[in-house]
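Remarks on the overall topology
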Amino acid sequence: MDISAAEFSLRNQIDAPLIIIDVREQLEYQTYNLGGTNIPLGMLISTIDEIDYEKDDEIIVICQRGLRSETARRVLAHNGFKNVRNLKGGLLAIQKLKTKTAAK
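Residues numbered from 1 in each chain as written. Predicted model: local features only at pLDDT ≥ 70, side-chain atom pairs only at ≥ 80, totals over all residues. Heavy atoms only, no water.

Examined against the element boundaries, R73 turns out to sit in helix α4 (residues 67-78). Those residues in contact with R73, other than ones at most four positions away along the chain, are M1, V61, V84, R85 and N86. (Helix = DSSP H or I, 4+ residues; strand = E, 2+ residues; numbered from the N terminus. Contact = heavy atoms within 4.5 Å.)

According to the stated counting rule, one finds 0 aromatic pairs in the structure shown. It is K55 that lies over the ring of F81; its NZ or CZ is 4.3 Å from the centre. (Phe/Tyr/Trp six-rings, centres within 6.5 Å; stacked < 30°, edge-to-face > 60°. Lys NZ or Arg CZ within 6 Å of the ring centre and 35° of its normal.)

Right, let's talk about the nonpolar core for a bit. Generally speaking, a soluble globular protein has its nonpolar side chains buried in company with each other. In terms of nonpolar packing, the biggest core is built from 15 residues, with I21, V23, L44, V61 and L76 touching the most fellow members. Listed by contribution, the elements that provide at least two residues to this core are α3 (41-46), β4 (58-62) and α4. The element that contributes the greatest number of residues to this core is α4, accounting for 3 residues. Counting residues in hydrophobic clusters, the runner-up holds 12 residues, among them F8, I60, A93 and I94. (Core = buried A, V, L, I, M, F, W, Y, C linked by side-chain atoms within 4.5 Å. Buried < 20%, exposed > 50% of the residue type's maximum accessible area, 1.4 Å probe, protein only.)

Right, let's talk about the sheet that holds β4 for a bit. An order of β1-β5-β4-β2-β3 is seen for the 5 strands of this open sheet, with the pairing classed as parallel. Two strands close off the open sheet at either side, each with one partner strand: β1 (2-3) and β3 (37-38). Summarising the sheet, β1 and strand β5 (residues 83-87) pair through 2 bridges and their orientation is parallel. Bridging from a neighbouring strand, D2 pairs with N86 of β5. (Pairing = 2+ DSSP bridges.)

As far as function goes, none of this settles anything; it's purely spatial.
What follows is the structure, encoded as structure tokens:
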């Protein structure tokens, strides 16, 4: 299941903490991130049994364009995580939304 950039931005402004897993590589994460835990996709796949979240937690996976995070969503779902959402369009969609909002 996906979450749009607009919904993500709105939910990220509310006090309730979101569980965010950024599946980009460490250098990408250090360059720009929205917080959350950085677990590169390859590492997520190889350490899936060590993920320290409850199977019912809402987890939002993010990457640059939404492709790696969709793969991560599928991997997590396949391993029993029931409420995993992919940031549709990734960080590019968030940046586009911010640009559009700033222009108004």
